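One letter stands for each residue in the lines below.
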Amino acid sequence: MTRDYQRARHEAGHCLRLHAVGWPVDTIDGAGTRFHYPVVLADLPYYVEGHPGAVVRYCLDGLSAMFAGSLAACGSLAEVSRADQKIIDELGRAYKACRAPLNWSTLAEHAEAATRAWLREAPTRQALEVVSALLMKEGQIPGPAWRALAQQHGFARRCAALPVARRILHGASDLEPWGAPVLDWRLGTRGARVMLSSM
């Protein structure tokens, strides 16, 4: 496996898992995957009291999406990129701060197991090949092209874990189209749009 193909497969793993768990993907390229948190991490403590299971699922989904890049590219979490680790750490801090009913290490074990099981599924393996090949050919997949590709190939997707609670907290008028303020890790600002950089 060439380095370029490994990088493309890494990003394909991220974007497909993000899509599968209902987190909006904006753009994918060889440098990273841009996506949006459906709920701002700082708001998680507000959800725990009324929706503890949804908070666990939300963080499990996010952690699974972070693991998916390395697991898809090399089958191991030994080579998690610094950008991916930064997001994992941020998720961990937010999760621990909200005192959810499942501890972080157990959640991480479940997220890894869920990701590995998802990667073994035939539709996932086929989707990884499609997205990796397109990334190798085109260099990037902008948001509209990504959504068309996902629809054309029927990539599996479900709703994110906390959409109803997000609307209760924020209301519709103060939301970006994806429901959260902007964040770009490369710029170091705070909010909810994220850029995952490749390995």
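How each quantity is defined
- Residues numbered from 1 in each chain as written.
- Predicted model: local features only at pLDDT ≥ 70, side-chain atom pairs only at ≥ 80, totals over all residues.
- Heavy atoms only, no water.
- Core = buried A, V, L, I, M, F, W, Y, C linked by side-chain atoms within 4.5 Å.
- Buried < 20%, exposed > 50% of the residue type's maximum accessible area, 1.4 Å probe, protein only.
- Helix = DSSP H or I, 4+ residues; strand = E, 2+ residues; numbered from the N terminus.
- Axes fitted to C-alpha atoms, helices over the stretch in contact; angles between N-to-C directions.
- Parallel < 35°, antiparallel > 145°, perpendicular 65-115°, else oblique.
- Left-handed = near helix turned anticlockwise from the far one by under 90°.
- Contact = heavy atoms within 4.5 Å.
- Nonpolar A, V, L, I, M, F, W, Y, C, P; charged D, E, K, R; others polar.
- Salt bridge = Lys/Arg side-chain N within 4 Å of Asp/Glu carboxyl O.
- pLDDT = per-residue confidence, 0-100.
- 1 Å grid on protein atoms, 1.4 Å probe; cavity = no way out; pocket = protein on both sides within 12 Å on 5 of 7 lines; lining within 4 Å.
- Points joined across faces, edges and corners; volume = space filled by probe spheres on them.

Student: What is the right way to read the nonpolar core from this model?
Tutor: Soluble globular proteins tend to bury their nonpolar side chains together. Leu-16, Leu-44, Val-131 and Trp-146 are the most contacted members of the largest nonpolar core, which has 51 residues in total. Only helix H1 (3-20), strand S1 (25-29), helix H2 (44-48), helix H3 (52-74), helix H4 (82-97), helix H5 (104-120), helix H6 (122-138) and helix H7 (143-153) provide two or more residues apiece to this core. By residue number, the principal contributor to this core is H3, which donates twelve residues.

Student: How should the packing of H3 against H4 be read in this particular structure?
Tutor: Axes are the key here: two packed helices are described by the angle between their axes and the distance separating the axes. Packing of H3 against H4 leaves a shortest axis separation of 10 Å and a crossing angle of 165°. Considering their axes alone, H3 and H4 lie roughly antiparallel with respect to each other. Like other packed secondary-structure pairs, H3 and H4 cross with a definite hand, here left-handed. The residues of H4 that touch H3, namely those facing Val-55, Val-56, Cys-59, Gly-62, Leu-63, Met-66, Phe-67 and Ser-70, are Asp-84, Ile-87, Ile-88, Leu-91 and Tyr-95. The residue inventory of the contact of H3 with H4, partitioned by class, reads ten nonpolar, two polar and one charged.

Student: What exactly am I supposed to notice about the pattern of salt bridges here?
Tutor: Once the charged atoms of two side chains with opposite charge are near each other, the side chains can pair. According to the stated counting rule, one finds five salt bridges in the structure shown. Of the charged contacts, one joins Arg-9 and Glu-129 as a salt bridge, the two residues approaching to 2.9 Å between their closest N and O atoms. Of the two residues, Arg-9 sits in helix H1 while Glu-129 sits in helix H6, which places them 120 residues apart along the sequence. The buried category is assigned to Arg-9, whose relative accessible area is 15%. Where Arg-116 meets Glu-112, a salt bridge forms, and the shortest distance between an N and an O atom there is 3.0 Å. You can see Arg-116 and its partner Glu-112 sitting in helix H5, four residues apart, about one turn around the helix. Residue classification places Glu-112 among the partly exposed positions, given a relative accessible area of 26%.

Student: Looking at this structure, I do not really get unusual backbone geometry. What am I missing?
Tutor: Most peptide bonds take the trans configuration, and most residues that are not glycine carry a negative phi. Even without a glycine there, the phi angle at Arg-99 is positive, about 50°. When its relative accessible area of 72% is taken as the criterion, Arg-99 is described as exposed.

Student: Would you take a moment to explain the confidence of the model for the protein chain for this structure?
Tutor: Low-pLDDT stretches of the model should not have their predicted coordinates read in fine detail. For the protein chain, the average pLDDT comes to 80, and 79% of its residues sit at 70 or higher. When pLDDT is averaged over each element of the protein chain, H6 comes out on top at 95 and helix H8 (residues 163-170) at the bottom at 39. Ignoring residues within four places in sequence, the model shows residues 163-199, a span with pLDDT below 50, making 104 contacts including any to other chains.

Student: Any chance you could explain the layout of surface pockets here in plain terms?
Tutor: Size it by volume and the largest pocket reaches roughly 240 Å³. Looking at the largest pocket, it is lined by 14 residues, and the ones nearest its centre are Pro-123, Thr-124, Ala-127, Phe-155 and Ala-156. Looking at the lining of the largest pocket, the elements that each hand over two or more residues are H1 and H6. No other element matches H6, which puts five residues into the lining of the largest pocket. Grouping the constituent residues of the lining of the largest pocket by class yields eight nonpolar, five polar and one charged.

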